[in-house]
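Breakdown of the fold
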Amino acid sequence: MTRVALLGAAGLVGGEFVRLAHSHPQLELSYLGGHRHAGQRLSSVHPGLRLSPDPLIENASPAHVARRCDVIVCATPAEVSASLIPQLARHGAVVIDLSGAFRLRADSDHERWYPGVHRPDGLTEHFTFGLPELIPEEIARAHLLSLPGCYATAITLSLAPLVLATELKLGPVLIDAKGSSSGGGLTLREADLHPFRSNTVTPYAPAGHRHAAEVFQLLADRAPGRVRRMGMSAYGTSGVRGLLVSCYTFVDEPVDEAALRRTYLRFCRQHRFVRYRHRGETALPVPNAKAVVGSNYCDVTALYDQDCGRIIALGALDNLVKGAAGQAVQAINLRLGLGESTGLDAQPLVVS
């Protein structure tokens, strides 16, 4: 068994990671860390998780954590990860960070999108950043691993076949992203109160979002120069979990939609958790967040709008699973040489 420590156990992503890891045949949760909830039982902050025995949440002492585990998962805010991980890294354990603290390599990009997160000089270059679908070999060797955010995961998987496996000359990529309330975590903000968020779509980042910088970096690593400009608008919905991204780019040349579909199908056949969906294949138009909730799947499709020369790439996932906790388990599986889907075979809830 591989001993896993989880820091940020009281958060929404932390709860999902506990749920997934508890049913994983090769993982043992040896440490649950959380500063504000130290001394409380796990079930007191996650009532649905009635484990036996009911573990305590503890204060995170880096040296103590490292002695008790083989892998450390940080489901902590970026400023907390930036403070704790330099200490954890000195003790030799594998560290997987789910925050934005070490995603963006360029200091100028980091300072723009995470202005209050001060990370130590030189540590970021030791991190491996990427998706399990794009860099499985690098993840299998990584000791410090940073995983993309939920929007970035959906956008990258939606665009990857188009960018990496076609020779179409792509224009600027425009992204319309709609996410649920759980994407903001448990921080109390007036705009997220039910009377304001319910029954509406709120443009909370209409002129730029930090996850676009992650996507640009991810795609540039694999295909330099293919995407030259990218813009993103993000909207909040009244849903609790799940997200949908719509990615648009314009091309001057005609597009064979059947060939485009075959490109996406080839990509999806190579990746266990990326499913190509035909728009009309079910009564529920897909991709749709309702069709992936509770699972580690990302559903994608691509369409061609011949009236204006527009390619539309759509992607939907559960922001707490494939967008965070499930992706962490997927990365651990790669790191341990296990089957990539170990502990992640749960089918979507569909109606929730």
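In case you missed it, the structure is sitting above this.
Residues numbered from 1 in each chain as written. Predicted model: local features only at pLDDT ≥ 70, side-chain atom pairs only at ≥ 80, totals over all residues. Heavy atoms only, no water.

**Some words on the pairing of strand E4 (residues 94-97)**
Basically, it comes down to this: Residue exposure (1.4 Å probe, protein chains only): buried if accessible area is under 20% of the type maximum, exposed if over 50%, otherwise partly exposed. In this description a helix means any DSSP run of H or I spanning at least four residues, a strand means any run of E spanning at least two, and both kinds are numbered starting from the N terminus. Only strands joined by at least two bridges in the DSSP assignment are considered to pair. Place the viewer so that the strands point away; then a crossover is right-handed whenever the path from the first strand over the helix to the second strand goes clockwise.
By the alternation rule, side chains of E4 split into Val94 and Ile96 and Val95 and Asp97, which are all buried. Strand direction decides the pairing type here: strand E3 (residues 71-74) and E4, joined by four bridges, are parallel. Looking at the pairing, Cys74 lines up with Asp97 of E4. Taking the sense of rotation as the criterion, the β-α-β connection linking E3, helix H4 (residues 78-89) and E4 turns out right-handed. Strand direction decides the pairing type here: E4 and strand E6 (residues 144-146), joined by three bridges, are parallel. Across the sheet, Val95 pairs through a bridge with Leu144, a residue of E6.

**As for the packing of helix H7 (residues 150-165) against helix H9 (residues 210-222)**
Condition: Convention adopted: a line fitted to C-alpha atoms gives each axis, helices being fitted over their contacting stretch, and angles between N-to-C directions are expressed from 0 to 180 degrees. Here a crossing is taken to be left-handed if its near helix is turned anticlockwise relative to the far helix by less than a right angle, and right-handed if that turn runs clockwise. Contacts between residues were defined by any pair of non-hydrogen atoms, one from each residue, lying within 4.5 Å. Classes in brief: Ala, Val, Leu, Ile, Met, Phe, Trp, Tyr, Cys and Pro nonpolar; Asp, Glu, Lys and Arg charged; the others, Gly included, polar.
Where H7 meets H9, the closest approach of the two axes is 9 Å, and the angle between their N-to-C directions is 35 degrees. Taken as a pair, H7 and H9 cross one another with a handedness that is right-handed. Residues Cys150, Tyr151, Ala152, Ile155, Thr156, Leu159, Val163 and Leu164 of H7 form the contact with H9, whose own contacting residues are His211, Glu214, Val215, Leu218, Leu219 and Arg222. Here the residues of the contact of H7 with H9 are counted per class, giving ten nonpolar, two polar and two charged.

**Section: the pattern of salt bridges**
Our working definition: Basic side-chain nitrogens of Lys or Arg form a salt bridge, by our definition, when they fall within 4 Å of a carboxyl oxygen of Asp or Glu.
Tallying each qualifying case throughout the model produces 16 salt bridges. Across the salt bridge formed by Asp70 and Arg3, the nearest N and O atoms sit 3.2 Å from each other. Of the two residues, Asp70 sits in the loop between helix H3 (62-67) and E3 while Arg3 sits in strand E1 (residues 2-7), which places them 67 residues apart along the sequence. You can call Asp70 partly exposed: its relative accessible area is 32%. The residue Glu16 makes a salt bridge to Arg19 at a minimum N-O spacing of 2.9 Å. In this pair, Glu16 and Arg19 both sit in helix H1 (residues 12-22), three residues apart, roughly one turn of the helix. Its relative accessible area of 34% is what places Arg19 among the partly exposed residues. Because the salt bridges share partners, they merge into one network encompassing Glu16, Arg19, Arg241 and Asp318.

**Quick word on the state of the cysteines**
Heads up, the condition is: Disulfides are defined as pairs of cysteine sulfur atoms found within 2.5 Å of each other.
The full count for this structure, using the stated rule, is zero disulfides. Lacking any disulfide linkage, Cys268 is separated from the closest cysteine sulfur, that of Cys298, by 8.5 Å. Look at Cys268 and you get buried, because its relative accessible area is 10%.

**Considering unusual backbone geometry**
With an omega of 0 degrees, the peptide bond running from Ser52 to Pro53 counts as cis. As for its placement among the helices and strands, Pro53 is situated in the loop between helix H2 (42-45) and H3. The peptide bond linking Val286 to Pro287 adopts the cis configuration, its omega dihedral lying at 0 degrees. Structurally, Pro287 can be placed in the loop between strand E11 (274-276) and strand E12 (298-305). One non-glycine residue with positive phi stands out, namely Asn199, at about 60 degrees. The topology assignment puts Asn199 in the loop between helix H8 (194-197) and strand E8 (202-205). When its relative accessible area of 73% is taken as the criterion, Asn199 is described as exposed.

**Regarding the sheet that holds strand E5 (residues 128-129)**
The parallel open sheet is built from six strands, whose spatial order is E2-E1-E3-E4-E6-E5. What marks the edges here is a single partner per strand, and that holds for strand E2 (27-33) and E5. This element, H1, spans E1, E2 and E3 of the sheet and lies at about 155 degrees to E2.

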